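Overview (structure and organization)
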Amino acid sequence: MNQPSIGFIIVFLLFSLLFFSNTYKLWFKTDEYYQSIYNSPTAQPSMYPFKDFFLKRLENKRSWVLWQKFFSILGMLAILGADVLVVMAFVAK
């Protein structure tokens, strides 16, 4: 098995950090995060072809936050697992 390069490891971990940054905002700065998500498709001119679909999902804030937190837990588990596997592949000789 080939060992992944250090560049790949760094890029992989940076994407993980981006995910955890957004997860932190969701869990600890929920109102700010929700508002930024809500405002992004409503900005003019809109570049989002499914703007109405996304805005409809955001109408019920409580439900949206609940589902986002549920999926963020699954995402954290998946990201942590992938990070561990990638680092283990790098360390293993």
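Above this text you will find the structure in question.
Residues numbered from 1 in each chain as written. Predicted model: local features only at pLDDT ≥ 70, side-chain atom pairs only at ≥ 80, totals over all residues. Heavy atoms only, no water.

**A few points about the overall build of the protein chain**
Here is the rule: Helix and strand assignments come from DSSP, with helices taken as H or I runs of at least 4 residues and strands as E runs of at least 2, each series counted from the N terminus. Radius of gyration: over C-alpha atoms. The globule rule applied is 2.2 Å multiplied by the number of residues raised to the 0.38 power. Throughout this description, buried means an accessible area under 20% of the type-specific maximum (1.4 Å probe, protein chains only), exposed means over 50%, and partly exposed covers the range between. When checking whether two residues touch, look at their non-hydrogen atoms; a contact exists if any pair is within 4.5 Å. The charge count includes Lys and Arg as positive and Asp and Glu as negative, but it does not include His or the ends of the chains. To locate a charge, take atom NZ for lysine, CZ for arginine, CG for aspartate or CD for glutamate.
Within the protein chain, the regular secondary structure consists of four helices and zero strands. Starting at the N terminus and walking to the C terminus, you meet the elements of the protein chain as α-α-α-α. Taken over C-alpha atoms, the radius of gyration comes to 17 Å for the protein chain, far larger than the 12 Å a tight globule of 93 residues would show. Expressed along its principal axes, the backbone C-alpha trace of the protein chain runs to roughly 50 × 30 × 20 Å. Here the protein chain holds 93 residues, and 20% of them are scored as buried. Residue pairs at least 24 apart in sequence account for 76% of intrachain contacts in the protein chain once pairs closer than 6 positions are excluded. The distance from the centre of the 9 positive side-chain charges to the centre of the 5 negative ones in the protein chain is 4 Å.

**Thoughts on the side chain of Lys69**
Stated formally: Whenever a carboxyl oxygen of Asp or Glu lies within 4 Å of a side-chain nitrogen of Lys or Arg, that contact is scored as a salt bridge.
With respect to the helices, strands and loops of the structure, Lys69 is situated in helix α4 (residues 61-91). This buried residue, Lys69, is left without a salt bridge; Asp31 holds the nearest opposite charge, at 8.8 Å. Setting aside residues up to four positions removed in sequence, Lys69 forms contacts with Leu26, Trp27 and Thr30.

**Observations regarding the side chain of Ser72**
Within the secondary structure, Ser72 is located in helix α4. With a relative accessible area of 7%, Ser72 lands in the buried category. In contact with Ser72, not counting residues within four places along its chain, are Phe19, Thr23, Leu26 and Trp27.

**Brief notes about the packing of helix α1 (residues 6-28) against α4**
The criterion, for reference: Lines fitted to the C-alpha atoms define the axes, with helices restricted to the stretch that makes contact. Angles between their N-to-C directions range from 0 to 180 degrees. Roughly parallel means an angle under 35 degrees; roughly antiparallel means over 145; roughly perpendicular covers 65 to 115; every other angle is labelled oblique. Put simply, a crossing is left-handed when the front helix is turned counterclockwise from the back one by less than a right angle, and right-handed when it is turned clockwise. Any residue that is not Ala, Val, Leu, Ile, Met, Phe, Trp, Tyr, Cys, Pro, Asp, Glu, Lys or Arg is counted as polar, Gly included; the first ten are nonpolar and the last four charged.
Where α1 meets α4, the closest approach of the two axes is 10 Å, and the angle between their N-to-C directions is 160°. Viewed along their axes, α1 and α4 adopt a mutual orientation that is roughly antiparallel. Crossing hand, α1 versus α4: left-handed. For the contact of α1 with α4, the residue count by class is 17 nonpolar, five polar and two charged.

Just distances and angles here, no functional claims.
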